[in-house]
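Here are the chains, one letter per residue:
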Amino acid sequence: MKILVTGAAGFIGMHVCQRLLARGDEVTGVDDLNDYYSPQLKADRLAQLQPQPGFRFQRLDVADTKAMQALFAEGGFEKVVHLAAQAGVRHSIHHPMAYGHSNLVGYLNVLEACRHATVQHLVYASSSSVYGGNTKMPFSEDDPVDRPVSLYAATKRANELMTHSYSHLYGLHATGLRFFTVYGPWGRPDMAYFSFTKAVLEDRPIDVFNHGRMARDFTYIDDVVEGIVRVLDRTPDAGEGPPCRVLNIGNHQPEQLLDFIACIESATGRRARLNLLPMQDGDVPATYADVERLERWVGFRPTTRLQDGIRRFVDWYVGYYGAPAA
Ligand code: NAD
């Protein structure tokens, strides 16, 4: 299969490319390698991919319409995994234009290119943030998603609506995946699990918002990759409903932030120092994925226990950055 992965130097993108290359797909990865977080980490992720046969990389901004048209004209892609986006809930409060650029203009370019190239299946990243302050647990795909509490969430919901129109008008086969707090090796330094681990290892206090009364459905990267690849491979049979759908991918087991920090303490063998703070704008008190629909569609639900996933993350972190002396 010839597959395009956007955001290939990103956390999830790198792992998806690894998996597709391991099974023999021909993968083109694109990324603009922006400096939202460590360009060195992105370069090191790419360095994992570049020596592998079947991998080709192009530095490109998905919001550049001409570059995207040229990429698809010569690529002959059969499937597309679109992960490139300006991520981060809090960052969107102060940097709204970056979200319009990558997540709206960039995504429209992806849709247009897929339609003209007659791509068989587009799988794109949505987010649990579309559920906003939903208090009905767990979050089901049928719950209302018309009250985003950050611009980031609004752009992800907009992606789902844009996709619906392309599927309706042009029959584009597309699946949106609502990821729930993905963590693991090669993860994102802007996310709490990463900065918490760093702070614990460096014996610095951790800023814990909403006084720790926050729950997240932390989902291990290998489970997310398994879900993405199974969904990518799945073609709807005739009469199985519309050509576009949205699915949750989450661990289905929300953890309180303080229990999560206890896991980091146990994996690092060090005590955390907590700086308890009020809730931040744009944050939601809890996330919790209903994964029945995912399981029905591809026969899979995430299974990695938080303790195991965090241990693997901490092992990677210490191997990559080294462990400061206690
Ligand atoms: P990431 O930031 O590590 O990866 C995104 C990659 O896209 C980055 O390497 C970045 O350089 C690239 N990119 C950004 N804008 C671009 C542009 N205009 N053109 C080309 N490349 C661009 O994030 P991630 O955690 O790997 O997330 C992947 C996707 O999943 C994103 O769409 C994100 O919004 C979504 N998501 C992630 C999580 C999570 O917990 N990690 C949760 C929900 C949704």
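Residues numbered from 1 in each chain as written. Predicted model: local features only at pLDDT ≥ 70, side-chain atom pairs only at ≥ 80, totals over all residues. Heavy atoms only, no water.

Draft legend 1. Fine view of the overall build of the protein chain. What the protein chain contains, in helices and strands, is eleven helices and 13 strands. Its C-alpha radius of gyration of 19 Å places the protein chain within 12% of the 20 Å reference for a compact globule of 326 residues. Among the 326 residues that make up the protein chain, the fraction classed as buried is 54%. If you take every contact in the protein chain between residues at least 6 apart in sequence, the share linking residues at least 24 apart comes to 83%. Across the protein chain, the centroid of the 33 positively charged side chains sits 1 Å from that of the 37 negatively charged ones. (Helix = DSSP H or I, 4+ residues; strand = E, 2+ residues; numbered from the N terminus. Rg over C-alpha atoms; globule rule 2.2 N^0.38 Å. Buried < 20%, exposed > 50% of the residue type's maximum accessible area, 1.4 Å probe, protein only. Contact = heavy atoms within 4.5 Å. Lys, Arg positive; Asp, Glu negative; His and termini not counted. Charge placed at Lys NZ, Arg CZ, Asp CG, Glu CD.)

Draft legend 2. Spotlight on the packing of aromatic side chains. Taken as a whole and judged by the stated rule, the model has 28 aromatic pairs. With a centroid separation of 5.4 Å and an interplanar angle of 45°, the aromatic rings of Trp186 and Trp316 are classed as tilted. Placement of Trp186 in the loop between strand 7 (182-183) and helix 7 (192-201) and of Trp316 in helix 11 (residues 306-321) is noted, with a sequence separation of 130 residues between them. You'll find Trp186 and Trp316 in the same group, each marked buried. For Lys42, the ring lying beneath its charged end belongs to Tyr37, and the centroid distance is 4.7 Å. (Phe/Tyr/Trp six-rings, centres within 6.5 Å; stacked < 30°, edge-to-face > 60°. Lys NZ or Arg CZ within 6 Å of the ring centre and 35° of its normal.)

Draft legend 3. Just the packing of helix 7 against helix 11, in detail. Where helix 7 meets helix 11, the closest approach of the two axes is 11 Å, and the angle between their N-to-C directions is 65°. The element helix 7 and its partner helix 11 pack so that their crossing is right-handed. Counted together, Tyr193, Phe194, Thr197, Lys198 and Leu201 of helix 7 and Phe313, Val314, Trp316, Tyr317, Val318 and Tyr321 of helix 11 form the full contact between these two elements. By residue class, the composition of the contact of helix 7 with helix 11 is nine nonpolar, one polar and one charged. (Axes fitted to C-alpha atoms, helices over the stretch in contact; angles between N-to-C directions. Left-handed = near helix turned anticlockwise from the far one by under 90°. Nonpolar A, V, L, I, M, F, W, Y, C, P; charged D, E, K, R; others polar.)

Draft legend 4. Structural context of the domain arrangement of the protein chain. Under the domain assignment used here, the protein chain contains domain 1 (2-183 + 219-249) and domain 2 (192-216 + 252-287 + 304-321). Summarising the inter-unit geometry, the C-alpha centres of domain 1 and domain 2 are found 26 Å apart. It is Arg90, Tyr183 and Tyr220 that lose the most area in domain 1 upon contact with domain 2, and together they represent 38% of the buried surface on that side. The interface formed by domain 1 and domain 2 includes zero salt bridges. Linking domain 1 with domain 2 are two residue pairs in polar contact (both at pLDDT 80 or more). Element by element, the count of residues in the side of domain 1 that touches domain 2 is highest for helix 2 (residues 39-49), at three residues. Considering only residue class, the side of domain 1 that touches domain 2 consists of eleven nonpolar, six polar and four charged. (Domains from an automatic or database assignment. Buried area = accessible area lost by both parts, 1.4 Å probe. Salt bridge = Lys/Arg side-chain N within 4 Å of Asp/Glu carboxyl O. Polar contact = N/O pair within 3.5 Å; in protein donor to acceptor, adjacent residues only side chain to side chain.)

Draft legend 5. A look at the nonpolar core. Counting 65 residues, the largest nonpolar core has Val5, Ile12, Val16, Phe179, Phe260 and Ile310 as its most contacted members. With residues near it in sequence (within four places) discarded, Ile310 still touches Tyr183, Phe260, Cys263, Ile264 and Ala267. Counting 23 residues, the second-largest nonpolar core is a separate cluster that includes Leu4, Val30, Leu60 and Leu122. (Core = buried A, V, L, I, M, F, W, Y, C linked by side-chain atoms within 4.5 Å.)

Draft legend 6. Main features of the site of the ligand. Near the ligand, the surroundings consist of 28 residues, among which Asp31, Tyr37, Tyr152, Lys156 and Val182 are the closest. In the model, a nitrogen atom of the ligand is placed 2.9 Å from a nitrogen or oxygen of the Val62 main chain. Residue Leu83 places a main-chain N or O atom 3.0 Å away from an oxygen atom belonging to the ligand. Starting from 820 Å² of accessible surface for the ligand in isolation, the protein chains cover 97%. Looking at the shell around the ligand, the elements with two or more residues in it are helix 1 (11-22), strand 5 (121-127) and helix 6 (151-170). The greatest single-element share of the shell around the ligand, amounting to three residues, is contributed by strand 5. The residue inventory of the shell around the ligand, partitioned by class, reads 15 nonpolar, seven polar and six charged. (Near = heavy atom within 4 Å. Areas by Shrake-Rupley, 256 points an atom, 1.4 Å probe, with all protein chains shown as cover.)

Draft legend 7. Expanded view of the side chain of Glu255. Position of Glu255 relative to the elements: it lies in strand 12 (residues 255-256). It is Arg305 that comes nearest to the buried, bridge-free Glu255 among opposite-charge side chains, at 9.1 Å. Setting aside residues no more than four positions away along its own chain, Glu255 makes contact with Met214, Ala215, Arg216, Phe218 and Leu306.

Draft legend 8. Seen up close, the UniProt feature "domain: NAD-dependent epimerase/dehydratase" (unreviewed entry) in the protein chain. With numbering matched to this structure, UniProt assigns "domain: NAD-dependent epimerase/dehydratase" (unreviewed entry) to residues 3-250. For residues 3-250, the helix share is 42%, the strand share is 19%, and the end-to-end C-alpha distance is 24 Å. (UniProt positions renumbered as here; feature names shortened; annotations may be inferred.)

Draft legend 9. Focus on the pattern of salt bridges. Under the definition given, this model contains 18 salt bridges. Linking Glu202 and Arg204 is a salt bridge whose minimum nitrogen-to-oxygen distance equals 3.0 Å. In this structure Glu202 comes out as partly exposed when scored by relative accessible area, which is 34%. Residue Glu226 pairs with Arg230 through a salt bridge whose shortest N-O separation is 2.8 Å. With Glu226 and Arg230 both in helix 8 (residues 221-233) and four residues apart, the pair spans about one turn of that helix. Taking relative accessible area as the criterion, Arg230 reaches 32% and is therefore assigned partly exposed. Three or more residues are tied together by salt bridges with common partners; here these are Arg19, Glu226 and Arg230.

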